[in-house]
Structure formats: C-alpha cells, structure tokens
2 protein chains.
Amino acid sequence: MNFPALKNTRFLDALALRPIDRTPVWMMRQAGRYLPEYKATRADAGDFLALCKNTDLACEVALQPLRRFELDASILFSDILTIPDAMGLGLYFETGEGPKFTRTVRNMQQVEALESFKTTDALGYVTDAVTAIRHALGGSVPLIGFSGSPWTLATYMIEGGSSRDFRHAKTMMYQQPEVLNALLDRLSDQVAEYLIAQVDAGAQALQIFDSWGGALSHADYVTFSLNPMRKILDKLRASCPGTPVIMFTKGGGLWLEEQLSAQPDALGIDWTVKLGQAKQLVGSRCALQGNLDPMILLGDRDNIKLATTRMLDDYYQGCSEQGLSKTGLIANLGHGITQWTNPDNAKVFIETVNQYAI
Amino acid sequence: MNFPALKNTRFLDALALRPIDRTPVWMMRQAGRYLPEYKATRADAGDFLALCKNTDLACEVALQPLRRFELDASILFSDILTIPDAMGLGLYFETGEGPKFTRTVRNMQQVEALESFKTTDALGYVTDAVTAIRHALGGSVPLIGFSGSPWTLATYMIEGGSSRDFRHAKTMMYQQPEVLNALLDRLSDQVAEYLIAQVDAGAQALQIFDSWGGALSHADYVTFSLNPMRKILDKLRASCPGTPVIMFTKGGGLWLEEQLSAQPDALGIDWTVKLGQAKQLVGSRCALQGNLDPMILLGDRDNIKLATTRMLDDYYQGCSEQGLSKTGLIANLGHGITQWTNPDNAKVFIETVNQYAI
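Remember, predicted model here, so these are calculated numbers, not experimental data. (Residues numbered from 1 in each chain as written. Chains lettered and ligands numbered in written order. Predicted model: local features only at pLDDT ≥ 70, side-chain atom pairs only at ≥ 80, totals over all residues. Heavy atoms only, no water.)

## A look at unusual backbone geometry
1) Next: Cis rather than trans, the peptide bond between A:Gly290 and A:Asn291 has omega equal to -5°.
2) Next: Tracing the chain through its elements places A:Asn291 in strand β8 (residues 287–292).
3) Next: Its identity as a non-glycine residue notwithstanding, A:Phe166 has a phi of 55°, on the positive side.
4) Next: Position of A:Phe166 among the secondary structure elements: in the loop between α9 (150–159) and α10 (167–175).
5) Next: Unusually for a residue other than glycine, B:Leu17 sits at a positive phi of about 55°. (Helix = DSSP H or I, 4+ residues; strand = E, 2+ residues; numbered from the N terminus.)

The following block contains the structure:
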C-alpha cells in the first residue's frame, strides 16, 4: 500500500522494551467530545455511527488530537460494537443513554443465528478508515487498531446495551455456561479476524479493550474473559508476528500475573494500580500502559503536573530498583478521556510526559 | 437495657479469630426486595424511607431473613444516607433511579452550612430500631450496626445521588481538596458519633460500607477514603472497646495491606479477590468477610454449591498452608444480594456454608 516510513518509533520501541529517549504518550479516546473540532465534525457527519462509517470524517477526527498535542501514537476512530452490529444485532445510540441493540443474544439459537462476516466486506468502513488514517499520518506516528474483548462484547450483546451489574450476562454464565462459551468462541474468531484485517489494512499495533473483565471473579475472569483473549493473541502471533498487542482489562489489577500468561506485548492498567508495583510484578516480561485517572484532568493544572510526574517517578524508580532499563512504559490515562475535559488540561498531561527526563 | 444473653457467638468468635464449630454466615442486604415478605411489609410502610423510620416495621424486616435461613448475624435495617439526610440535604428516592438529594454540597459554604446532629435526637429512629431488633432477636444471633464511609457518603452529597464516574466528587478532589477534606472531617466525626450511638443502643458489631473507595487511585484512596475511616476506627476503639468493626471497601482488593493499618477486626472483600490469597496476606492480623459474587445466586443451584464450597476450600486451605487455626472467616456475598434472587437459591448458599466441615 506504499505507506510512508515511520518517523517516530518511540511508542513501538517502548512496547518492545527497546531504548527510548522519552516516554511515549497517547490518550485513550483522544479523538473525542472534549475537542470542539471533534464535535463540529461529528455534527457534520450527523451522528456518531455515521461518523464511524464515513472514511474521510473518521480520518479527520483521528488526526485532530495530533494537531493539538505532541502525541506518540494515533488510534483508529471507531467503536467496539461494530462487530455485534455486523453480526446482525442492530446497533444504535440513544442520546444520553449509550449504545443499544435492537436484538439481544440470550440462548443457543440466538448464538447460532448470529451472522458470520468477513471484515473487509461487512466492516469495510473500518479497514478503509485504517488505511486512510495510516496514509494521512504520513509516518508521523504509528497507528493503533483495536477491538473489544469477547467478554466485553458479549455483555453488550446479552444485555442489549450498557449495564451496571451484568445481570443477564452473569445469569447466562451461571445458568447456561455452554451458551456463553459458544458466544465467546464465535466472538474470539471474529475479533481475531477483525484485528488481522486491521493489520492488513495498515494498523501497526493493536489494543484489546476488556472494559468489563473487572466485573468478574478471579476464576470467572480467567475462564470467560482471559481465555478468549488468549486465543486471539495466539492467532495474532501466528498471523501478524511483529505487530504488538496491548491487552487492557479495566479493573483487572489483581490479575496481572494471569494476564501475562497470554503473552501480550503490553498490559494496560487503570489508576487503581500502583504503577511501581505493577512494574515490580511484570519486570521485563511485558510493557505497561497507563494509568492516570482521567478525572485528574478535570482538576487543577499544578495537580495534573504533580500526579503525572509521580506516576512516571513511580514507574522509573521501579525500573531502577530492579536494575531494569528505563523503558517499557506507554504513558496514558487509566481509561478514556472524558467529554468534560478542557483540552488545555490534557495538554498539561502530555507536556509533562514529553518534558520528563527518564 | 436488659438484653437477653447471646446464644450464638459464632460470628463474634470468627471476628476475634477464636475457635469456631463451623463458618458463620450472613448476607449483605439480607433484609431486602428478593424476599416477598419484605415487599409486603414495605408496601405496608408506604415507601423505603417510611420503612426505615418505622421502628416496628424496620424490626420486622430485619428479622424476616432469620425466619427463613440459618444465619449467624442480623443487621440493622436502615440506609447509609440517613446521615446526609440528617445534615439537611433532603433525601428522597425516585422509583428506579436510586437515592437523590434536593441539595448538593459543592463548596466550602455548603460544607459549613451542613447541620450538626446528635444521633439520638435527629436519627432516633435508627437507634430505636437497633434496640428493638436487639430485643426481638432474643439473643439468637448478634446484631450488626452500620454506616457508610465518609468518602462514600461524600460522593452522594456532592453528586446529589448515585454516580458512575464521580465527576463532581473527583473534580472537587482535584480542584478544591480543602473543601473535600472539610466535608470528610465533618463526616468522620458524624459517622463515629452515629456508630457509637448504635453500640449504645445495642449493636454488637459494626460494619463500615465503603462502597465507592474502589473508584479511587491508590494514593487518593489512602488520603480520602482510608484515612477518614482510620479516624473513625480510632474513636471506636476508644469509645466502644470490644465491639468489632468490619471495614469493607468494594473494589479495594489491591489495597488490603494499607487497610490493615487502620486495625479493623475484619476486612470485607468482594469477589474479584481470591480469598486464599487474601488470607495469605492478612494471616492472623484480622478476620475476612466475603466474597461470593451475588450474581452466582441467579444461576444454577449445583453451581451455587460448587462456588460456595470452592470459596470455603480456598480460605481454609490458606489457613492450613500457613499453619493458622481454621477460623477468621465470615461467609458472605461480595456485595448486597440482588432483588432478582430466588430466596431458595440464597438458602442453597447458606446451607452449603452451614454444612461445610472446617
């Protein structure tokens, strides 16, 4: 596809634990509603889904944060629920209510009725966006592709939308585990195919968002969330060797050792985890990504600097204490940036990372 | 007050790590909507708050689960938000929306305007309920009093109700920490006075529910949630020595070591924590309470038995491995029982604990 050569390799270097000059930084949901230019483009598109499906506009919003901030990675602009939508569940968004599906999946028949799809056919708008963004970046920074984890996607498909307690998904787990496993198997295959298609289209790294793995018990996390992700990582290693994968289970800080067994290139961690302790645990077995509470960006700017510096100190002191080289951290928030953030506050976070001498 | 002598000391024995014949068991929110008899009494009272304020009916619902199940403790029937209500915020419940306040607390003036109260005056219905339940129990099992933690109460007072992201509370934390600290100081004093009044009225053990401590970073948890609880525990040790205190931070499984520094008699843990690992960590420094996912009770009964047995095995194997005596566990759920639970499923959980040979 004749992509231009990559100029900034800091993000990929940190992921591979190679030497870096400073800590790479990006923000989950960096193309989002906290940016006025994003809101304008979204209004042009009509709505969120229309924006995802419009290659030019999806490309435009992916580039917006890079024009404002000195970031070291870009990420595909899309939604994790494109997969269940392509499987036939009818995704829509109600204002202020989050995502919804017109159909839910609650028994084996409904699992079996899910449509199979080839990403480049059913979700061509995703792979088109990947290619367009990669070209538009002109090699300035690498492009991350992504997917939701099978368990996370399954919760939306079973509940029919967002949930606080995952009542229906857990009822299925404890009443008809064979139905849940069948659904997770289908999703594991589909997610792997989806991510491989993104790499084929130009993605240079991948992230799996396991947003709801943290709602499970230790044992159920391993069975129903980690193991399906493990299958995907195995397939990715076979099909796209050399493309690093970040695995992020929000609320999964108690289970980092278990997560390592899936051999991700990096583990995403949220703000409940002490970064230095996480480094102590993973050593040089993988990189780490995180982990400032996004709500810190709603506060005082001196405190943003302080909290960011403390986070970096915590990580690099961990490196020193273990005699490890000072690399392997991708500075990020512990979850997506919120819509109420002043972009200038996000800038303080990014500049603090940029200026921090490792 | 001439309370009858306690016949079943299993719960208090486990809390003190004294020998026990079998594992004591109770369920958070055991007097609740999953019981048809509770719904009937609540309908008689009119609404939830009226039920809390009616001594006879509050006593009746506290006793209902003990008539159905072989439980080893009872708990005061009340709500954690009685304190902010007594401070003048105007608590009300909207159907399907959870608790709301007519006024919020978002600046120093509003903190200073909060009313001070003496529990036996402003919340006499709570202490009356404690005394009535204690008498009605006739010494069959001990009675637990409770309160929300200062941080947890503060979130409701700042947000004006429930929240998913604690946007306003965290904005205060990161913009005006002095306001948050002033609010937490007021709440720490008030919670301590409230719990001491419950002990004076007949409570034989106490639990502090820190429902939202797990939303914080490690450092902020210590500053804004754990330290206020520490102050309360210090006061309780001085004023009611011998009354054991259970401290439960939902989502706080990463910080058990820090929690121990507040010297609780027991730590409550949720289902994300491996009970055996927690026992490994706390050793004989305190008891543990938990930790079955309440959603397991929505599932298959054989699986309820299996999961409960595994939980108990995990704990007692931890005791054996460390050469510790087999005590110190209060079997419970990792959070309140949900309204969708079939009472017969709860019975399977309780009977499995009752029949488990330690």
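## A few points about the pairing of strand β5 (residues 205–210) of chain A
Residue and element names in this part refer to chain A.
1) Next: Within β5, six of the six residues are buried, leaving the element largely enclosed by the surrounding structure.
2) Next: Neither face of β5 is open: one carries Ala205, Gln207 and Phe209, the other Leu206, Ile208 and Asp210, and all of them are buried.
3) Next: As judged from the five bridges shared by β5 and strand β6 (residues 245–249), these two strands associate in the parallel manner. Note that in β6 the partner of Ile208 across the bridge is Met247.
4) Next: In this fold, the crossover linking β5 to β6 by way of helix α12 (residues 218–239) has right-handed handedness. (Buried < 20%, exposed > 50% of the residue type's maximum accessible area, 1.4 Å probe, protein only. Pairing = 2+ DSSP bridges. Right-handed = clockwise from strand over helix to strand, strands pointing away.)

## Notes on the interface of chain B and chain A
1) Next: Taken together, the 29 residues of chain B in the interface contact 29 residues of chain A.
2) Next: Summing both partners gives a buried area of about 2800 Å² for chain B against chain A, and 58% of it is carried by carbon and sulfur.
3) Next: If you sort the residues of chain B by the area they bury against chain A, B:Arg164, B:Tyr174 and B:Leu254 come out on top, with a joint share of 23%.
4) Next: Ranked by residue count, the leading element in the side of chain B that touches chain A is helix α10 (residues 167–175) of chain B, at five residues. (Contact = heavy atoms within 4.5 Å. Buried area = accessible area lost by both parts, 1.4 Å probe.)

## Some thoughts on the sheet that holds strand β1 (residues 74–75) of chain A
Consider a sheet: its strands pair through backbone hydrogen bonds, and that pairing is either parallel or antiparallel.
Residue and element names in this part refer to chain A.
1) Next: With parallel pairing, seven strands are arranged side by side in an open sheet as β1-β4-β5-β6-β7-β8-β9. If you trace the sheet from one side to the other, it starts and ends with β1 and β9 (329–333), each paired once.
2) Next: Note: β1 against strand β4 (residues 143–148), two bridges, orientation parallel. Residue pairing in the sheet places Ser74 in a bridge with Leu143 of β4.
3) Next: In the packing of helix α15 (residues 301–322) onto the sheet, the strands contacted are β8 and β9, and the crossing angle to β8 comes to about 155°. (Axes fitted to C-alpha atoms, helices over the stretch in contact; angles between N-to-C directions.)

## Section: the pattern of salt bridges
Residues and elements named next belong to chain A.
1) Next: Per the stated rule, a full pass over the model turns up 28 salt bridges over all chains.
2) Next: Asp85 is the partner of Lys53 in a salt bridge, and the nearest nitrogen-oxygen pair spans 3.9 Å. Pair noted here: Lys53 is in helix α3 (residues 48–53) and Asp85 is in helix α5 (residues 82–89), with a separation of 32 residues, a long-range link.
3) Next: Looking at Lys53, the relative accessible area reads 41%, which means it is partly exposed.
4) Next: Residue classification places Asp85 among the buried residues on the basis of a relative accessible area of 18%.
5) Next: For the salt bridge of Lys100 with Glu97, the shortest nitrogen-to-oxygen distance reads 3.3 Å.
6) Next: Look at Lys100 and you get partly exposed, because its relative accessible area is 24%.
7) Next: The class of Glu97 is partly exposed, set by a relative accessible area of 46%.
8) Next: Each member of the salt-bridge network shares a partner with another, and the members are Arg10, Asp21, Arg22, Glu70 and Asp72. (Salt bridge = Lys/Arg side-chain N within 4 Å of Asp/Glu carboxyl O.)

## As for the relation of the copies chain B and chain A
1) Next: By a simple turn and slide, chain B fits onto chain A: the slide is 0.0 Å along the axis, the RMSD is 0.0 Å, and the turn is 180°. The superposition operator between the copies reduces to a two-fold rotation axis. Considering only C-alpha atoms, the part of chain B nearest the rotation axis is B:Leu254, at 3.1 Å.
2) Next: A high fraction, 100%, of the interface residues of chain B reappear at the interface in chain A, so the copies pair face to face through one surface. (Least-squares fit on C-alpha atoms with pLDDT ≥ 70 in both.)

## Side note on the environment of A:Glu321
Residue and element names in this part refer to chain A.
1) Next: Summarising the element assignment, Glu321 is placed in helix α15.
2) Next: Overall, the relative accessible area of 64% leaves Glu321 in the exposed class.
3) Next: Remark: the alpha-carbon pair of Glu321 and Ile296, spanning 25 residues in sequence, is separated by 28 Å.

## Structural notes on the environment of A:Val282
1) Next: Relative to the assigned elements, A:Val282 resides in helix α14 (residues 275–282).
2) Next: Ignoring any residue separated from it by four or fewer positions in sequence, one finds A:Val282 in contact with A:Leu260, A:Leu267 and A:Leu288.

## Digging into the side chain of B:Asp293
1) Next: Note on placement: B:Asp293 falls in the loop between β8 (287–292) and α15 (301–322).
2) Next: In this structure B:Asp293 touches A:Lys170, A:Tyr174, A:Ala215 and B:Trp271, once residues within four positions along its chain are discounted.

## A closer look at helix α16 (residues 343–355) of chain B
All names here are of chain B.
1) Next: The end-to-end C-alpha distance of α16 is 18 Å, a good match for the 18 Å that 13 residues give at a rise of 1.5 Å each.
2) Next: Taken residue by residue, α16 has Pro343, Asn345, Ala346, Val348, Phe349, Ile350, Thr352, Val353 and Asn354 as its buried positions.
3) Next: Buried residues along α16 sit against α2 (36–45), α4 (55–68), β8, α15 and β9 (329–333).
4) Next: The N-terminus of α16 is capped by Asn342, whose side-chain oxygen sits 2.8 Å from the backbone nitrogen of Asp344. (Expected span 1.5 Å × (residues − 1). Polar contact = N/O pair within 3.5 Å; in protein donor to acceptor, adjacent residues only side chain to side chain.)

## Some thoughts on the packing of helix α5 (residues 82–89) of chain B against helix α11 (residues 177–201) of chain B
Residue and element names in this part refer to chain B.
1) Next: The geometry of α5 relative to α11 is characterised by a closest axis approach of 11 Å and an angle of 120° between their N-to-C directions. In terms of their interaxial angle, α5 and α11 are classed as oblique. With respect to the hand of their crossing, α5 and α11 are arranged in right-handed fashion. Residues Thr82, Ile83 and Met87 of α5 pack against Arg186, Leu187, Gln190, Val191 and Tyr194 of α11.
2) Next: Within the contact of α5 with α11, the residues separate by chemical class into five nonpolar, two polar and one charged. (Parallel < 35°, antiparallel > 145°, perpendicular 65-115°, else oblique. Left-handed = near helix turned anticlockwise from the far one by under 90°. Nonpolar A, V, L, I, M, F, W, Y, C, P; charged D, E, K, R; others polar.)

## Here's the deal with the packing of aromatic side chains
1) Next: Taken as a whole, this structure holds 16 aromatic pairs over all chains when the rule is applied.
2) Next: Both rings, one in A:Phe146 and one in A:Phe209, keep their centres 5.6 Å apart while their planes meet at 85°; by these two values the pair is edge-to-face. Taken together, the residues span a long stretch of sequence, with A:Phe146 in strand β4 and A:Phe209 in strand β5 at a distance of 63 residues.
3) Next: On the numbers, 6.0 Å between centres and 25° between planes, the contact of B:Tyr316 with B:Tyr356 is stacked. Note that B:Tyr316 is positioned in helix α15 and B:Tyr356 in the segment after α16, a separation of 40 residues in sequence. We note that B:Tyr316, like B:Tyr356, is buried.
4) Next: An aromatic cluster is built from A:Tyr38, A:Phe48, A:Phe77 and A:Phe93, whose rings are joined through pairwise contacts. (Phe/Tyr/Trp six-rings, centres within 6.5 Å; stacked < 30°, edge-to-face > 60°.)

## Details of the nonpolar core
1) Next: Counting 263 residues, the largest nonpolar core has A:Phe11, A:Phe77, A:Phe349, B:Phe11, B:Phe77 and B:Phe349 as the members making the most contacts within it.
2) Next: Looking at this core element by element, the count peaks at 13 residues for helix α11 (residues 177–201) of chain A.
3) Next: Those residues within four positions of B:Phe11 in sequence are excluded, and the remaining contacts are B:Pro24, B:Trp26, B:Asp72, B:Ala73, B:Pro142, B:Ile144, B:Ala205, B:Ile246, B:Gln289 and B:Ile330. (Core = buried A, V, L, I, M, F, W, Y, C linked by side-chain atoms within 4.5 Å.)

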